[in-house]
Amino acid sequence: MHKLLLSAAVIAMTSMPVQAGPSDNSLIWASDSIPANIEFYEGGAIREGLVLGKHIWDTLMEYDAVSGTYQPHLAESYEFIDATTIEFKLRRGVLFHNGHELNADDVVATVEYVTTKITSLPIVFLSGAEKIDDYTVRLITPRQFPTILENLANQLPIYPAAYFQEVGSEGMSRAPIGTGPYKVVEHLEGESVTMELFPDYFGGVKGEPVLDRIVFRRIAEFNTQAIELMTGGVDWIWRVPPDAVQQLANSGTVKVERGATARFGFLRMDAAGISGENPLTDILVRKAINHAIDREGIRAAFMGEGSEVIDAPCSPMQFGCVLDHVVTYEFDPKKARALLAEAGYPNGFEITLYAYRDRAVVEAILGNLAAVGITANLQYLQASALTTVRDEKQLTMLYQVWGSQSVMDVSGAIGFWFDGSANDLSLDATVTDLLQQGITIDADVRLKVYAEALGLISEQAYVVPMFTYPVTYAFNPALNFVSTADELPKFYQVSWQ
């Protein structure tokens with residue numbers, strides 16, 4: 001479908017001149033998903049929410065691409081007081097978008113919020129915070145966290161305490177206030193977010209932003225994104241499907257680049273029966289579903305070069321993604337049907353499958369399931385709506401795409417989905433206990449328990465691991481854009497030629 005629709009557009013527009021940078025120094029980027037609530041701790045569970053968060057808010061630590069390390073950002077320095085206490089000295093003079101100066105009260109209030117309230121983005125690496133003075137604060141972890149600096153950089157943007165107390169999560173989504181390089185001036189829920197350069201931005205590790213205005217638009221269909229890119233309505237898109245790469249590259253109006261990521265896809269199943277009695281509580285059914293899905297065929301059709309089939313729900317790039325005890329489920333529809341019959345479903349069954357992105361991939365999965373007798377009724381929702389489905393205990397199956405919030409450790413993958421929280425659809429106490437044992441600075445212990453946990457997840461067929469996601473970007477050739485492996489486009493470092 002991509003190829004058919006894009007062909008006409010390419011033929012019509014290859015003779016058009018390359019777009020130059022806009023006179024108002026703005027950037028328009030588009031994606032197929034947008035969090036309805038862009039308050040970070042509600043919207044940051046999807047990649048678009050993380051990207052918006054990096055531009056609106058700041059964190060105590062930030063990744064420095066030059067040194068390859070995590071460096072103080074909102075903080076000017078930090079010190080480990082003991083194994084579970086880190087003291088931060090805050091930068092002075094850092095302003096929020098409403099003119100309030102950052103202080104220790106803001107950090108303490110943010111930590112109190114994320115450790116006492118149920119959000120769609122649980123923060124398990126903190127248990128509290130203590131104000132020492134106006135510009136000194138200590139963060140307390142429940143135990144040793146080997147990835148704590150990485151967690152703080154990717155998962156703990158600091159909110160203005162008084163403003164957030166006044167407006168709450170919904171108010172923060174409607175009119176976000178942060179210290180970040182860009183201030184939100186308009187948020188049309190489910191449609192777009194418009195940001196303007198914050199003139200009082202302090203810089204820090206992120207540096208000095210160049211663009212004056214950034215607009216994020218949700219455009220659900222890729223073909224529409226591509227046509228808008230080629231006609232100048234959009235400057236930057238991503239997740240270009242393999243069959244469109246060459247056409248865009250040949251258009252003469254678009255530059256195409258591919259980047260590696262730690263993102264992967266997997267099919268989650270309600271093994272614990274949280275949604276009520278259902279066939280997925282039977283291990284034979286879960287194994288049948290693993291055998292029913294042609295992971296390599298779907299990967300080849302929709303992911304292309306740079307992707308690989310995975311046998312465990314983690315990225316091969318992550319520390320601890322150890323496959324020593326992992327079972328490989330080969331594509332075998334005949335075996336899938338035999339397992340379903342053994343489980344008491346010789347004619348299959350009907351179930352609901354939820355998804356929020358990559359519709360073509362999900363429809364291929366539906367076809368594979370139908371071939372062995374399973375009728376999966378697709379409920380295609382915005383990502384934010386899935387939180388309601390989860391909270392109402394209706395989540396049966398879900399196609400999940402996960403970038404581990406850019407945490408390059410298995411704790412950012414299975415540590416999120418098998419932790420006994422509301423996100424856990426298996427509630428396997430043994431797996432959860434193993435992951436708790438993995439919270440240590442002893443690398444050998446972590447590798448051992450991660451391997452055991454992944455083995456149990458695989459043996460019990462709690463999920464169907466699919467494949468890794470490369471990301472292909474397409475953008476105006478006049479744009480100075482450099483991709484990074486964390487899959488977080490940093491538009492605050494982008495400029496026009």
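Residues numbered from 1 in each chain as written. Predicted model: local features only at pLDDT ≥ 70, side-chain atom pairs only at ≥ 80, totals over all residues. Heavy atoms only, no water.

Chemist: I would appreciate a short explanation of the overall build of the chain in the present structure.
Modeler: Within the chain, the secondary structure is distributed over 16 helices and 20 strands. Radius of gyration (C-alpha) of the chain: 23 Å, near the 23 Å computed for a compact globule of 497 residues. Viewed in the frame of its principal axes, the chain has a C-alpha envelope of about 70 × 65 × 40 Å. For the chain, contacts bridging at least 24 residues in sequence account for 72% of all contacts bridging at least 6. Per element, the accessible surface of the chain, about 19200 Å² overall, is 50% carbon and sulfur. Across the chain, 35 positive and 62 negative side-chain charges occur, with their mean positions spaced 3 Å apart. (Helix = DSSP H or I, 4+ residues; strand = E, 2+ residues; numbered from the N terminus. Rg over C-alpha atoms; globule rule 2.2 N^0.38 Å. Contact = heavy atoms within 4.5 Å. Areas by Shrake-Rupley, 256 points an atom, 1.4 Å probe, with all protein chains shown as cover. Lys, Arg positive; Asp, Glu negative; His and termini not counted. Charge placed at Lys NZ, Arg CZ, Asp CG, Glu CD.)

Chemist: Can you help me understand the pairing of strand β8 (residues 182-188) in this one?
Modeler: Successive side chains on a regular strand alternate, one facing one side of the sheet and the next facing the other. Pairing of β8 with strand β9 (residues 192-197) involves six bridges; the strand directions are antiparallel. Pairing of tyrosine 182 across the sheet is with leucine 197, part of β9. Counting the residues between successive antiparallel strands, the hairpin from β8 to β9 contains three residues, one of them, glycine 190, with a positive phi of roughly 80°. (Pairing = 2+ DSSP bridges.)

Chemist: Help me understand the packing of helix α9 (residues 283-292) against helix α11 (residues 333-342), please; the structure alone is not making it clear to me.
Modeler: Two numbers describe a pair of packed helices, the interaxial angle and the distance between the axes. Relative orientation of the contacting elements α9 and α11 amounts to 165°, with a least axis distance of 8 Å. In terms of their interaxial angle, α9 and α11 are classed as roughly antiparallel. Read as a crossing pair, α9 and α11 show a hand that is left-handed. Side by side, α9 and α11 meet where Leu284, Val285, Lys287, Ala288, His291 and Ala292 of the first sit next to Pro333, Lys335, Ala336, Leu339, Leu340 and Glu342 of the second. Among the residues making up the contact of α9 with α11, the classes are represented as eight nonpolar, one polar and three charged. (Axes fitted to C-alpha atoms, helices over the stretch in contact; angles between N-to-C directions. Parallel < 35°, antiparallel > 145°, perpendicular 65-115°, else oblique. Left-handed = near helix turned anticlockwise from the far one by under 90°. Nonpolar A, V, L, I, M, F, W, Y, C, P; charged D, E, K, R; others polar.)

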